[in-house]
Amino acid sequence: MKNILFVFFLMLFVACKTNSEEKIKPVTIKEDVSFLADDKLEGRQTGSDGEKAAADYIASRFENLGLEAKGTEGYFQTFTFKPKTDPHQEVNYTVKDGDSTITGTNVIAFLDNKADNTIIIGAHYDHLGYGAEGSLFRGESQEIHNGADDNASGVAVLLNLAEKLKENNTGNNYLFMTFSGEEMGLLGSNYFTKNPTINLSKANYMLNMDMVGRLKQDSTLAVYGVGTSPILKQVVKANNSKFKIIENESGVGPSDHTSFYNSDIPVLHFFTGQHEDYHKPGDDIEKLNYEGMETISSYIFDIISDLDDNGKLPFRKTKNESEDVPRFKVGLGVIPDYLYDGKGMRIDGVSEDKPAQKAGLQKGDIVVKLGDSLVTDMMSYMRALSTFDTGDKTKVTVKRGDDEVETEIEF
């Protein structure tokens with residue numbers, strides 16, 4: 001399989017001669033996504049042949065960009081682990097080879113500007129293969145989960161940024177890193193922070209791109225981690241002229257920036273929102289907004305440029321908002337629109353054969369009341385949901401366009 005992939009790779013990267021000097025053919029964001037989210041890579045599950053082929057591709061892209069290898073074996077940093085059986089247990093990275101072990105591969109490159117500090121720019125490249133744990137697909141047959149948005153999009157933006165930064169912004173060094181094992185619990189980024197290939201005390205801040213491929217018509221972009229250093233909120237706002245920014249101060253979230261925040265490094269995480277194809281076979285290349293991805297890349301470049309002469313940013317701890325999330329036994333069976341900042345909880349997708357669908361709720365409905373509780377935002381929605389058990393019935397009120405609709409729902 002690798003031979004086939006490398007033929008495809010070499011076709012993409014044909015070198016041409018101009019004035020007797022060899023130049024590398026520019027690679028677009030769409031071309032990078034198209035390679036990484038192709039069926040040939042079979043969903044890039046951690047440790048699979050498809051993930052290894054993706055790692056080889058990314059390493060070759062780094063090499064063609066003239067970036068220094070900064071793994072433990074060239075561009076690669078491998079880690080072997082035993083999958084967790086208990087979600088609360090620590091991952092065992094020190095296991096010996098055996099039937100139950102998996103080897104993941106981080107891909108790491110360095111741009112050395114002889115500066116005092118280094119900016120870490122990261123994105124995970126693994127996904128769910130044919131539907132590993134975490135898949136939301138409920139079909140009877142196995143299908144490839146290509147993960148075009150999650151997270152070929154982030155890797156493509158990272159590569160685009162690397163190309164921009166190669167010729168600009170010399171106030172810092174840059175470590176470009178694509179993580180393995182994110183879908184299994186931020187394993188690659190966690191391993192790197194415990195086994196860094198640079199001096200982490202010299203890390204200035206970390207930027208993470210995870211699911212940046214579906215910028216919507218209203219240009220809403222979530223930027224998390226703005227509270228992890230005093231200047232970040234100001235810089236995120238000052239450099240924005242294209243987006244409706246949804247800010248979140250916390251440095252903790254379900255992506256790789258959390259590993260760096262836990263190492264006392266300021267972080268920013270960029271995200272264009274969840275959708276109905278999340279963790280399903282439908283997350284394919286034709287559904288991405290490539291112009292939006294280019295705009296996001298330019299925005300992040302502007303943030304880096306603005307911070308370029310600010311020296312090392314001070315780290316600030318933030319409140320872990322996930323600790324305040326109520327625990328609940330039931331669900332509506334909807335995908336919330338996490339980027340919605342109006343009153344209520346807007347539904348971005350409805351799952352088949354779940355309470356919401358059976359009650360007639362639709363994508364775009366805004367839940368404003370659940371039982372006796374008013375729903376004003378995501379947190380109040382979760383608090384209301386936490387009061388119900390399986391088998392309970394209640395009323396739900398939604399705004400649908402200009403109308404309010406009330407219906408009964410059974411959990």
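Here's a quick rundown of the structure. (Residues numbered from 1 in each chain as written. Predicted model: local features only at pLDDT ≥ 70, side-chain atom pairs only at ≥ 80, totals over all residues. Heavy atoms only, no water.)

## Focus on the pattern of salt bridges
On inspection of all chains with the given rule, the structure shows 16 salt bridges. Residue Lys317 is joined to Asp264 by a salt bridge in which the shortest nitrogen-to-oxygen separation is 3.7 Å. Pair noted here: Lys317 is in the loop between helix 8 (290-307) and strand 12 (334-336) and Asp264 is in the loop between helix 7 (257-261) and strand 11 (267-271), with a separation of 53 residues, a long-range link. Its salt-bridge partner being Asp365, residue Arg400 comes within 2.8 Å of it at the nearest N-O pair. Highlighted residues: Arg400 in strand 16 (residues 393-400) and Asp365 in the loop between helix 9 (355-358) and strand 14 (366-370), separated in sequence by 35 residues. Look at Asp365 and you get buried, because its relative accessible area is 1%. Taken together, the shared-partner salt bridges connect Arg214, Asp277, Asp283 and Lys287 into one network. (Salt bridge = Lys/Arg side-chain N within 4 Å of Asp/Glu carboxyl O. Helix = DSSP H or I, 4+ residues; strand = E, 2+ residues; numbered from the N terminus. Buried < 20%, exposed > 50% of the residue type's maximum accessible area, 1.4 Å probe, protein only.)

## Remarks on the packing of aromatic side chains
Applying the stated criterion to the full structure yields 12 aromatic pairs. Seen from their ring centres, Phe79 and Phe81 are 5.8 Å apart, and the 25° between their planes marks the pair as stacked. A cation over an aromatic ring shows up here: Lys70 above the ring of Phe110, its NZ or CZ 5.0 Å from the ring centre. (Phe/Tyr/Trp six-rings, centres within 6.5 Å; stacked < 30°, edge-to-face > 60°. Lys NZ or Arg CZ within 6 Å of the ring centre and 35° of its normal.)

## Digging into the packing of helix 2 (residues 29-36) against helix 3 (residues 49-64)
Between helix 2 and helix 3, whose axes approach to 10 Å, the crossing angle comes to 155°. As the angle between them shows, helix 2 and helix 3 are arranged roughly antiparallel. In contact with Glu31, Asp32, Phe35 and Leu36 of helix 2, helix 3 contributes Ala53, Ala54, Tyr57, Ile58 and Arg61. When grouped by side-chain class, the residues that make up the contact of helix 2 with helix 3 number 6 nonpolar, no polar and 3 charged. (Axes fitted to C-alpha atoms, helices over the stretch in contact; angles between N-to-C directions. Parallel < 35°, antiparallel > 145°, perpendicular 65-115°, else oblique. Contact = heavy atoms within 4.5 Å. Nonpolar A, V, L, I, M, F, W, Y, C, P; charged D, E, K, R; others polar.)

## Some points on the environment of Asp377
Take Asp377: it is sitting in the loop between strand 15 (373-374) and helix 10 (378-385). On the accessibility criterion, Asp377 (35% relative accessible area) is partly exposed. Taking C-alpha positions, Asp377 is 4.8 Å from Gly344, a pair spaced 33 residues apart along the chain. Polar contacts involving the side chain of Asp377 include one to the main-chain amide nitrogen of Met379, which spans 3.3 Å. (Polar contact = N/O pair within 3.5 Å; in protein donor to acceptor, adjacent residues only side chain to side chain.)

## Remarks on the nonpolar core
Soluble, globular proteins show a tendency: their nonpolar side chains are buried together. Membership of the largest hydrophobic core comes to 60 residues, with the highest contact counts inside it found for Val33, Phe62, Ile121, Phe176, Leu268, Phe270 and Ile304. The dominant element in this core, judged by the number of residues it contributes, is helix 4 (residues 148-165), at 10 residues. In contact with Phe176, not counting residues within four places along its chain, are Phe62, Leu67, Val107, Ile108, Ala109, Leu111, Ile121, Leu158, Ala162 and Leu165. (Core = buried A, V, L, I, M, F, W, Y, C linked by side-chain atoms within 4.5 Å.)

## Quick word on the layout of surface pockets
The space that makes up the second largest pocket amounts to roughly 280 Å³. If you go around the second largest pocket, you meet 20 residues; those closest to its centre are Lys216, Gln274, Asp337, Asp348 and Lys363. It is strand 13 (residues 345-350) that provides the largest number of residues to the lining of the second largest pocket, a total of 3 residues. A class-by-class count of the residues in the lining of the second largest pocket yields 3 nonpolar, 6 polar and 11 charged. (1 Å grid on protein atoms, 1.4 Å probe; cavity = no way out; pocket = protein on both sides within 12 Å on 5 of 7 lines; lining within 4 Å. Points joined across faces, edges and corners; volume = space filled by probe spheres on them.)

## Some remarks on helix 3
With 16 residues, helix 3 extends 23 Å from end C-alpha to end C-alpha; this agrees with the ideal 22 Å at 1.5 Å per step. Burial analysis of helix 3 places 12 of its 16 residues in the buried class, which makes it a mostly covered element. Listed in full, the buried residues belonging to helix 3 are Gly50, Glu51, Ala53, Ala54, Ala55, Asp56, Tyr57, Ile58, Ala59, Ser60, Arg61 and Phe62. One or two positions beyond helix 3, positive phi appears at Gly66, with a value near 80°. (Expected span 1.5 Å × (residues − 1).)

None of the figures reported here should be taken as evidence of function without further support.
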